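Examining the three-dimensional arrangement
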Amino acid sequence: MPAYLLVRANVTDMEQYGEYMKRTPAIAEKYGGTFIIRGGDKVILEGPAVPERIVLLKFDSIEAAERMYNSDEYQAAIKLRAGAADASFVVMEGVE
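Read on for an overview of the structure. Just so you know, these numbers come straight off a predicted model, no measurement behind them. (Residues numbered from 1 in each chain as written. Predicted model: local features only at pLDDT ≥ 70, side-chain atom pairs only at ≥ 80, totals over all residues. Heavy atoms only, no water.)

1. What about the packing of helix 2 (residues 62-70) against helix 3 (residues 72-81)?
Relative orientation and spacing of two packed helices are given, respectively, by the angle between their axes and the distance between those axes. Definition in use: Orientation is described by axes fitted as lines to C-alpha atoms, over the contacting stretch for helices, and by angles from 0 to 180 degrees between their N-to-C directions. Where helices and strands are cited, they refer to DSSP runs of H or I of at least four residues and of E of at least two residues respectively, numbered from the N terminus. To sort the angles, those under 35 degrees are grouped as roughly parallel, those over 145 as roughly antiparallel, those from 65 to 115 as roughly perpendicular, and the leftovers as oblique. Any pair of residues with heavy atoms lying within 4.5 Å of one another is described as a contacting pair. In this count, Pro and Cys sit with the nonpolar residues alongside Ala, Val, Leu, Ile, Met, Phe, Trp and Tyr, while Asp, Glu, Lys and Arg are called charged and the others, Gly among them, polar.
For the pair helix 2 and helix 3, the least separation of the axes is 5 Å and the interaxial angle reads 55°. As far as their axial angle goes, helix 3 and helix 2 are oblique. Contact residues: Met68, Tyr69 and Asn70 in helix 2; Asp72, Tyr74, Gln75 and Ile78 in helix 3. Along the lines of polarity and charge, the residues of the contact of helix 2 with helix 3 split into four nonpolar, two polar and one charged.

2. Remarks on the pairing of strand 1 (residues 3-11)
When a strand is regular, its side chains alternate between the sheet's two faces. For clarity, the cut-off: Between any two strands, pairing holds if DSSP finds at least two bridges.
As paired elements, strand 1 and strand 3 (residues 53-59) share seven bridges and run antiparallel to each other. Within the sheet, the bridge partner assigned to Arg8 lies in strand 3 and is Ile54. In the sheet, strand 1 pairs with strand 4 (residues 85-93) via nine bridges, with the strands oriented antiparallel. Each bridged residue has a counterpart across the sheet, and for Leu6 the counterpart in strand 4 is Val90.

Right, dumping it as structure tokens:
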């Protein structure tokens, strides 16, 4: 069953965060991840403003997303993000 990894990041240093952003596409792709949303413009239709950067990736399963997140490559990339952004990662099952 497909799974979606939702990331909300409060970026405080875009230059440093940019180094993290350069590394993540190849890592996600290696584990079957596809970016659906990667920042960009947003319009709040209802509720409070969401200042965080929102990223959404699709994987074949929750386990595939977990493999990517726990991989040596991604754990090294996280170090590039340290001090540049605080982030929340949630992976959820999607629908067929």
